[in-house]
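Structural overview
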Amino acid sequence: MRATLWNAHRWLGVVTCLAVLLWGLSGVMHPIMSRLQPRPAAFMPPPVAWDATDAPDPVALLRTQGRTRVHSLHAVTLHGQAHWLAHDDSTRPGLLLTTRDGTVVPDGERQLAIALARHYTGLADAPLAEVRLITTFDARYLNVNRLLPVWAVRFAREDGLTAYIDTRQMRLATLTDQTRDRLSTAFRLAHNWQFLDAWPGLQRGLMSLALLAAALSALTGLYFWWRLRRSAARRLAARPLKRWHRRLGLLVALTSLTFAGSGAFHLWTKVARQNTPGVAQHSPPPLGALQEMTPQAWQTVQAMGTVGRLDLIAHRATLAWWVHPAGQAGPRAQVAALAQPSAHTHERHGAASAPASRAEPQLVQADGSVQAGAAPSLARSLTEHFSGLPAAAMGTTTPITRFEGEYGFLNKRLPVWRVDVASPGSPRYYVELGTGALAARVDDVDALEGQVFSLLHKWQIGELPKGLRDVLSASFALGNVIVALLGMVLLFRSSGRD
């Protein structure tokens, strides 16, 4: 029995050696990547505050341009002046009009993207190398960024600094450069085995086998450490490589198990999530025809005087204005959250979610009436759309203003509303009201997997500082690599003597 386990331990090490090298070295690389991420010069979008009192109805302005139906309509700021950004096709540049008289700005959305890129990078006069609209995720703008469509604004610099801009909400999706891109590519190849993306079944199967073999290798190693512990000093006195393989193996064995177990749980939860009903539909509800908006609706907005963000949204099969008071930036991306006082804790848990202390946005309906406290109703309506479930299934609604718990930093969007749904798995939908976007869907299994992955894979433990956490996790990842290499050397030496 012991001989069988010994051979199993040796050959499990052979099977997992390459995988451990790839995962371990990329694990060491991860905290380095996070520190090489280009840092924005500004985190919040330019302020939007303008007097709507004398501004003409944007619906009438669009009709003069031959637009009777739009995909989206948002108020934005270009060079300190308010404009309307309208789209009738999400895959093409939109139409930019001044709010003052509806003058069309030539190549307007491109100009807006450039201005916002300069705002977020602080590069007011730097020449540009490329400006392009991105409507699908690609090798450089990955699906982990969540936001689409965006504009890629690349500056003519040696480092290839590129800002990805969501013009509709005037936010920075991400900021990257050549170093970050290269490290990210290397990380995906080594950690996610991206070279097998074309064969997802094979990719999942091989990764699962490697994770299982790594866990079994650690367990059999612990078994032999315990069984042979009394004779270890005498046996290994003249065998330094075996001695160090044993010592380091004991030190990293527990992390081998936690890395492998949490990695496998993450892998298969992700597969199950892709096949879960109610997850495939991510498109916001379509806007209706512009003639649904009556003149009274805009007159109500005008009566509000100075306003901030305005979004035309779909609500209960009709249109409505979602009006943010002046001084509120409206929806924002994760980089804006870094500007909050709790930024240094955002990856761990963020600050407690709570309703904003400032005046709440108001819903101006198509007939001009104002619905007070409309946010929960909007959130439920969006959740009905995304889940396909009736209104009776909608439960508690909660505003989320900080990244926290199961709605972590990777979800990108803030603020959002959480809607609990009465359905198997107790799913929670996180929706962004001004864009009608589904930011995340989390059920009980997803939440458990997220907690396990954060604790056992990313070492987000209590109040452990990020710097110390990164040092420890990278050290243990490197320790697993060294143990694997020592094991291979010992195996080859043994085979050579045989």
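The rules we used
Residues numbered from 1 in each chain as written. Predicted model: local features only at pLDDT ≥ 70, side-chain atom pairs only at ≥ 80, totals over all residues. Heavy atoms only, no water. Helix = DSSP H or I, 4+ residues; strand = E, 2+ residues; numbered from the N terminus. Buried < 20%, exposed > 50% of the residue type's maximum accessible area, 1.4 Å probe, protein only. Contact = heavy atoms within 4.5 Å. Areas by Shrake-Rupley, 256 points an atom, 1.4 Å probe, with all protein chains shown as cover. Pairing = 2+ DSSP bridges. Axes fitted to C-alpha atoms, helices over the stretch in contact; angles between N-to-C directions. Phe/Tyr/Trp six-rings, centres within 6.5 Å; stacked < 30°, edge-to-face > 60°. Core = buried A, V, L, I, M, F, W, Y, C linked by side-chain atoms within 4.5 Å. Patch = residues over 30% accessible without salt bridge, like charges linked within 9 Å, V, L, I, M, F, W, Y side chains within 5 Å. Salt bridge = Lys/Arg side-chain N within 4 Å of Asp/Glu carboxyl O. pLDDT = per-residue confidence, 0-100.

Looking only at helices and strands, the chain features 12 helices and 16 strands. Considering the chain as a whole, with its 498 residues, one finds that 49% of them fall into the buried category. Of the contacts made within the chain by residues no fewer than 6 positions apart, 64% connect residues no fewer than 24 positions apart. In the structure as shown, the chain presents an accessible area of about 23,500 Å², 60% of it carried by carbon and sulfur atoms.

Looking now at unusual backbone geometry. Negative phi is the rule for most residues except glycine; trans is the rule for most peptide bonds. Note the cis peptide between Leu 148 and Pro 149, where omega equals -10°. Along the chain, the position of Pro 149 falls in the loop between strand E5 (128-134) and strand E6 (150-155). Following Leu 414, the chain continues to Pro 415 via a peptide bond in cis, the omega torsion being -15°. Note on placement: Pro 415 falls in the loop between strand E13 (394-400) and strand E14 (416-421). The phi angle at Ser 426 is positive, at roughly 50°, despite the residue not being glycine. Note on placement: Ser 426 falls in the loop between E14 and strand E15 (428-432).

In terms of residue burial, strand E10 (residues 318-325) counts as a mostly covered element, since six of its eight residues are buried. Across seven bridges, strand E9 (residues 306-315) lies against E10 in antiparallel orientation. Opposite Asp 311, over in E10, you have Trp 322 as the bridge partner. From the end of E9 to the start of E10, which pair antiparallel, there are two residues, and Arg 316 there has a positive phi angle of about 55°. In the sheet, E10 pairs with strand E11 (residues 362-365) via four bridges, with the strands oriented antiparallel. By the bridge assignment, Trp 321 is partnered in E11 with Val 364.

This brings us to the sheet that holds E13. Reading across from one edge, E13-E14-E15-E16 is the order of the four strands in this open sheet, with antiparallel pairing throughout. At either margin of the open sheet sits one strand with a lone partner, and together these are E13 and strand E16 (437-442). Mean inter-strand twist for the sheet, computed between neighbouring axes without regard to direction, equals 25°. Where E15 lies against E16, five bridges are found, and the strand directions are antiparallel.

Moving on, we come to the sheet that holds E6. Two modes of strand pairing occur in sheets, parallel and antiparallel, and in both the strands are linked by backbone hydrogen bonds. Read from one edge to the other, the open sheet built from four strands follows the order E5-E6-E7-E8, with strand pairing classed as antiparallel. Lying at the two open borders of the sheet, with one neighbouring strand each, are E5 and strand E8 (171-176). Strand-to-strand, the axes of this sheet are offset by a mean angle of 20°, without reference to chain direction. As paired elements, strand E7 (residues 162-166) and E8 share five bridges and run antiparallel to each other. Counted as the bridge partner of Asp 166 is Arg 171 from E8. Those strands touched by helix H3 (residues 108-121) are E5, E6, E7 and E8, and its axis lies near 60° from that of E6.

Before going further, it helps to examine the packing of aromatic side chains. In this description, an aromatic ring pair is defined by two values, namely the gap between the centres and the angle between the planes. The tally for this structure, following the rule as stated, stands at 11 aromatic pairs. Seen in terms of ring centroids, Trp 193 and Phe 195 are 6.2 Å apart; in terms of plane orientation they differ by 25°. Their pairing is stacked. In this structure Phe 195 comes out as partly exposed when scored by relative accessible area, which is 45%. Ring geometry for Phe 403 against Phe 409: centres 5.3 Å apart, planes inclined by 80°, an arrangement best described as edge-to-face. Here Phe 403 and Phe 409 have matching classes, each one buried. Through a chain of ring-to-ring contacts, the aromatic side chains of Trp 50, Trp 84, Trp 298 and Trp 321 assemble into a single cluster.

Looking now at the nonpolar core. The biggest cluster of nonpolar side chains holds 53 residues, and the ones touching the most others in it are Trp 50, Trp 84, Trp 298, Leu 310, Leu 312 and Trp 321. Top contributing element to this core by residue count: H3, with six residues. Judged by nonpolar contacts, the second largest core, of 19 residues, contains Ile 313, Ala 320, Leu 363 and Ala 375.

The grouping of Trp 199, Leu 202, Leu 206 and Leu 209 at the surface amounts to a nonpolar patch, some 420 Å² of accessible area in total. Secondary-structure assignment places Leu 209 in helix H5 (residues 200-227).

Attention now moves to the confidence of the model for the chain. Looking at the chain as a whole, its pLDDT mean stands at 84, while 87% of the residues score no less than 70. Per-element averaging of pLDDT across the chain places helix H9 (residues 334-337) at the bottom with 67 and E6 at the top with 97. Here residues 341-357 scores under 50 on pLDDT; set against residues more than four positions off or in separate chains, the count is 35 contacts.

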